[in-house]
Amino acid sequence: MTETYTLAQQIHIGTSTAAVLLYLPTIGLGTALALGRGGPSTRTWHLRCAVPALVLRTIGFGFMWTV
């Protein structure tokens, strides 16, 4: 049986997957910062990963109701 997804469902799947992938470096960089191992560059990259993850997750949440 093949499943076909609507555009809204595909947007949910894509944005949620991308957000989860961005969680990995966000968690790693955040851990480094919490342990005092990171500097300004680490904080910058943490924000560069965390903000898009939040935006993508918010979009994914909005489209969650289509699944």
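Above this text is the structure in question.
What comes next is a walk through the structure. Keep in mind that this is a model prediction, so the values were computed, not measured.

## Some details on the overall build of the protein
Helices and strands together make up the secondary structure of the protein, namely two helices and zero strands. The C-alpha extent of the protein, read off along each of the three principal axes, is 50 × 20 × 15 Å. A total of 67 residues make up the protein; the buried ones form 18% of that total. A total of about 4900 Å² of accessible surface is found on the protein, and carbon and sulfur atoms cover 71% of it.

## Describing the side chain of Q9
Residue placement: Q9 occurs in helix α1 (residues 7-34). On the basis of relative accessibility, which here comes to 15%, the residue Q9 falls in the buried class. Side-chain polar atoms of Q9 contact the backbone nitrogen of T6, separated by 2.9 Å. When residues no more than four places from it in sequence are discounted, the contact partners of Q9 are T4, T66 and V67.

## Some thoughts on the packing of aromatic side chains
For the structure on display, the rule yields one aromatic pair. Relative to W65, the ring of F61 lies with its centre 6.3 Å away and its plane at 75°, an arrangement referred to as edge-to-face.

## Structural notes on a nonpolar patch on the surface
On the surface, L47, V51, V55 and I59 cluster together to form a nonpolar patch covering roughly 330 Å² of accessible area. Its place among the elements puts V51 in helix α2 (residues 40-63).

## A look at α2
Helix length check: α2, at 24 residues, gives a terminal C-alpha distance of 35 Å against a target of 34 Å (1.5 Å per residue), a fit within 8%. If you check which residues of α2 are buried, you get T42, H46, C49, A53 and G60. Of the surrounding elements, those touching the buried residues of α2 are α1.

## Thoughts on the packing of α1 against α2
Running from N to C, α1 and α2 cross one another at 155°; their axes reach a closest spacing of 7 Å. Judged by the inter-axis angle, α1 sits roughly antiparallel to α2. The handedness of the crossing between α1 and α2 comes out as left-handed. Counted by class, the contact of α1 with α2 contains 18 nonpolar, eight polar and two charged residues.

Rules used throughout
- Residues numbered from 1 in each chain as written.
- Predicted model: local features only at pLDDT ≥ 70, side-chain atom pairs only at ≥ 80, totals over all residues.
- Heavy atoms only, no water.
- Helix = DSSP H or I, 4+ residues; strand = E, 2+ residues; numbered from the N terminus.
- Buried < 20%, exposed > 50% of the residue type's maximum accessible area, 1.4 Å probe, protein only.
- Areas by Shrake-Rupley, 256 points an atom, 1.4 Å probe, with all protein chains shown as cover.
- Polar contact = N/O pair within 3.5 Å; in protein donor to acceptor, adjacent residues only side chain to side chain.
- Contact = heavy atoms within 4.5 Å.
- Phe/Tyr/Trp six-rings, centres within 6.5 Å; stacked < 30°, edge-to-face > 60°.
- Patch = residues over 30% accessible without salt bridge, like charges linked within 9 Å, V, L, I, M, F, W, Y side chains within 5 Å.
- Salt bridge = Lys/Arg side-chain N within 4 Å of Asp/Glu carboxyl O.
- Expected span 1.5 Å × (residues − 1).
- Axes fitted to C-alpha atoms, helices over the stretch in contact; angles between N-to-C directions.
- Parallel < 35°, antiparallel > 145°, perpendicular 65-115°, else oblique.
- Left-handed = near helix turned anticlockwise from the far one by under 90°.
- Nonpolar A, V, L, I, M, F, W, Y, C, P; charged D, E, K, R; others polar.

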